[in-house]
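Spelled out, the chains give:
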Amino acid sequence: MRFWLRSLQQSSIRYSSTLNQIIDKRLNSELDSIRQAGTWKSERIISTSQSAHIKVEHSTNDLLNFCANNYLGLANNSQIIQAAKNALDKYGSGLSSVRFICGTQTIHKQLEQRIAKFHQREDAILYISCFDANAGIFETLLKEQDYIISDELNHASIIDGIRLCKAKRLRYKHKDMSDLELKLQESFNDKNENIIRLIATDGVFSMDGSIAPLPDIRRLADKYKALIFVDECHATGFFGPTGRGTEEHFQMTGNIDIINSTLGKALGGAAGGYTTGPKALIDLLRQRSRPYLFSNTLPPSVVASAMKAIDLIENDTSLPGRVLENAKYFRTEMQTLGFQILGDSHPICPVMLGDARLASQFADEMLKRGIYVIGFSYPVVPKDRARIRVQVSAAHSKADLKRCIDAFAEVGRQFKIYCRRQNKNLMMSNENKSWPEFVGKDADEVERQLTAEGYQVEIKPEGAPTTRDFRTNRVRLFVDGNNAIVKEPRTG
Ligand code: PLP
């Protein structure tokens, strides 16, 4: 015993020779390859609560935070914190149980009802995260004979959830309605009357801040007797006039069949996820969904904080408006400066830089000026599409946003970003740039993207006459009767 104690004190932890071999040969070499690829993710350690203004370890200065999904700024809201404390006092720290054994309290049922009412659905079911909600839905709903038709850029948790189910998998090109229709036709050739075809998409795509074309997806779903699943993590609570999400943004509330979302972003930022939809589906999930059946229930303090967040959003309808107004201001000012911002009127504002090293150096320079932003590069986004993703919050004041924009302007000048942009445009008037990748795409979609990139877009029917025009930022799109691009768009 004494020997054992001494050896524990003297040496560091001892592993078996098998584990040592695996660490040396497999784990360390994989870790090295991540470092060499330049994709190592280090974590900055925050020493304050999550907020627009934070402090991080080893720095005495305040940082302005533009990285969190704290869209409504509720992560450190005093009323939410009080609600969580009250629940802690009344219901304890946790249930030490899954829901169906002895892990369901009054507040879990109340929150499920509040969520269903918020989305105008029959029922809702809580999970410990939306990752789990996405892991549970497809396997429960879909069988071998069914089809799951998924946008190629869907979130990792949707992709993993789909991997767990036995349905036939089809993937359509990102937001490409012609390709979705092809995939639906493929599934429609199947004459089995009882099959389910489920289209799965993010409502808002988190790397691009772009929005799924839900009205078009609904039209196709109806044509081919399909259901629609939407992940609303980057929309719930703030997107749409009263924060009901992407379907409200498109004035089609109630038209999506199944919604999954998170409590870990706009709705207080703690943790938790849910599915909301028809009661029969929710009943089935309670019986069959594995992450629900075999994982602990949500802590009562987290349930109470999410419920308070819904109270605040329902009682102050200006709250969602504030973040969207901030996003509009940021996007407009940055575009005026000459930066290219992707996406559609959403607080996820990807500032496009192209080069991975530039994105990372740019973020470092921003940090020196007290602005916390992150550069994203391959493999998180496509090669040569590196960017800094700025996430705007309702908690940012106009002065905060201005400080961030001024810092972008300063660092942009330092890296000669404006010069590059002017050169690119000047060159383009001579080189007659083309975009073969747009051929066959929906013209409205391409127009939105090019307009966001600062081009003037003109849509003409196929065969329409053209005159030469040397304006640098004019693009002509030629379309067929289905509004699809038939030729490569060219400038001038
Ligand atoms: N779906 C999307 C689109 C997300 O962005 C995320 C989180 O980043 C998730 C699902 C997972 O949500 P949670 O953090 O609640 O597990």
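Residues numbered from 1 in each chain as written. Predicted model: local features only at pLDDT ≥ 70, side-chain atom pairs only at ≥ 80, totals over all residues. Heavy atoms only, no water.

1. Quick look at the state of the cysteines
Then, in step 1: In this structure the tally under the stated criterion is zero disulfides.
Then, in step 2: Cysteine Cys-165 shares no disulfide, and the gap to the nearest cysteine sulfur, in Cys-130, comes to 16 Å.
Then, in step 3: Cys-233 takes part in no disulfide bond, and the closest cysteine sulfur to it belongs to Cys-130, at a distance of 3.5 Å.
Then, in step 4: You can call Cys-233 buried: its relative accessible area is 9%. (Disulfide = S-S within 2.5 Å. Buried < 20%, exposed > 50% of the residue type's maximum accessible area, 1.4 Å probe, protein only.)

2. Points about the site of the ligand
Then, in step 1: Around the ligand, the surrounding shell holds 13 residues, and the nearest of these are Cys-130, Asp-231, His-234, Thr-262 and Lys-265.
Then, in step 2: Contact distances for the ligand include 2.9 Å between an oxygen atom and a backbone N or O atom of Cys-130.
Then, in step 3: Here an oxygen atom of the ligand and a side-chain polar atom of His-234 are 2.8 Å apart.
Then, in step 4: When the ligand sits alone it has 400 Å² of accessible area, and the protein chains cover 80% of it.
Then, in step 5: If you tally residues by element for the shell around the ligand, the top one is helix 6 (residues 130–141), at three residues.
Then, in step 6: In the shell around the ligand, the residues fall into three nonpolar, seven polar and three charged. (Near = heavy atom within 4 Å. Polar contact = N/O pair within 3.5 Å; in protein donor to acceptor, adjacent residues only side chain to side chain. Areas by Shrake-Rupley, 256 points an atom, 1.4 Å probe, with all protein chains shown as cover. Helix = DSSP H or I, 4+ residues; strand = E, 2+ residues; numbered from the N terminus. Nonpolar A, V, L, I, M, F, W, Y, C, P; charged D, E, K, R; others polar.)

3. Describing the sheet that holds strand 4 (residues 147–151)
Then, in step 1: Strand order across the open sheet formed by seven strands is 3-11-10-9-6-4-5, with mixed pairing between neighbours. On the outer flanks of this sheet lie strand 3 (123–127) and strand 5 (168–172), each paired with one strand and no other. Within the sheet, the average angular offset between the axes of one strand and its neighbour, ignoring direction, is 20°.
Then, in step 2: As defined by bridge partners, strand 4 adjoins strand 6 (residues 197–202) across four bridges and the pair is classed as parallel. Bridge pairing in strand 6 places Tyr-147 opposite Arg-197.
Then, in step 3: Of the strands in this sheet, strand 3, strand 10 (258–262) and strand 11 (273–277) are in contact with helix 11 (residues 279–288), which crosses strand 3 at around 30°. (Pairing = 2+ DSSP bridges. Axes fitted to C-alpha atoms, helices over the stretch in contact; angles between N-to-C directions. Contact = heavy atoms within 4.5 Å.)

4. Details of the packing of helix 15 (residues 356–368) against helix 16 (residues 398–414)
Helices that pack against each other are described as a pair by the angle of their axes relative to one another and the distance between those axes.
Then, in step 1: Their axes nearest at 10 Å, the elements helix 15 and helix 16 cross at an angle of 130°. It follows that helix 15 is oblique to helix 16 by the angle criterion. For the element pair helix 15 and helix 16, the recorded crossing hand is right-handed. Residues Phe-362, Glu-365 and Met-366 of helix 15 pack against Cys-404, Ala-407, Phe-408, Val-411, Gly-412 and Gln-414 of helix 16.
Then, in step 2: Its residues assigned to classes, the contact of helix 15 with helix 16 shows six nonpolar, two polar and one charged. (Parallel < 35°, antiparallel > 145°, perpendicular 65-115°, else oblique. Left-handed = near helix turned anticlockwise from the far one by under 90°.)

5. Considerations on the packing of aromatic side chains
The description of an aromatic ring pair rests on the distance of the ring centres and on the angle between the ring planes.
Then, in step 1: Using the criterion set out here, one finds ten aromatic pairs in the structure.
Then, in step 2: Pairing Phe-238 with Phe-239 gives two aromatic rings, centres 6.4 Å apart and planes at 55°, and the pair type is tilted. Across the pair, exposure class does not vary: Phe-238 and Phe-239 are buried alike.
Then, in step 3: Ring centres of Phe-339 and Phe-362 lie 6.4 Å apart, and the angle between their planes is 85°; on these two criteria the pair is classed as edge-to-face. Of this pair, Phe-339 sits in the loop between helix 14 (318–337) and strand 12 (348–354) while Phe-362 sits in helix 15, and the two are 23 residues apart along the sequence. In this structure, Phe-339 and Phe-362 share a single accessibility class: buried.
Then, in step 4: Geometry around Trp-40 places Arg-35 over its ring, the cationic atom sitting 4.4 Å from the centre.
Then, in step 5: Here Lys-168 stacks its cationic end above the ring of Tyr-147, 5.0 Å away from the centre of that ring. (Phe/Tyr/Trp six-rings, centres within 6.5 Å; stacked < 30°, edge-to-face > 60°. Lys NZ or Arg CZ within 6 Å of the ring centre and 35° of its normal.)

6. A short note on the pairing of strand 4
Then, in step 1: Taken across its five residues, strand 4 has five buried, putting it largely inside the fold.
Then, in step 2: Here strand 4 shows two buried faces, one formed by Tyr-147, Ile-149 and Asp-151 and the other by Ile-148 and Ser-150.
Then, in step 3: In the sheet, strand 4 pairs with strand 5 via five bridges, with the strands oriented parallel. Residue pairing for strand 5: Asp-151 is matched across the bridge by Tyr-172.
Then, in step 4: You can see the chain leave strand 4, run along helix 7 (residues 156–163) and come back into strand 5, and the turn it takes is right-handed. (Right-handed = clockwise from strand over helix to strand, strands pointing away.)

Interpretation in functional terms is not warranted from these geometric data alone.
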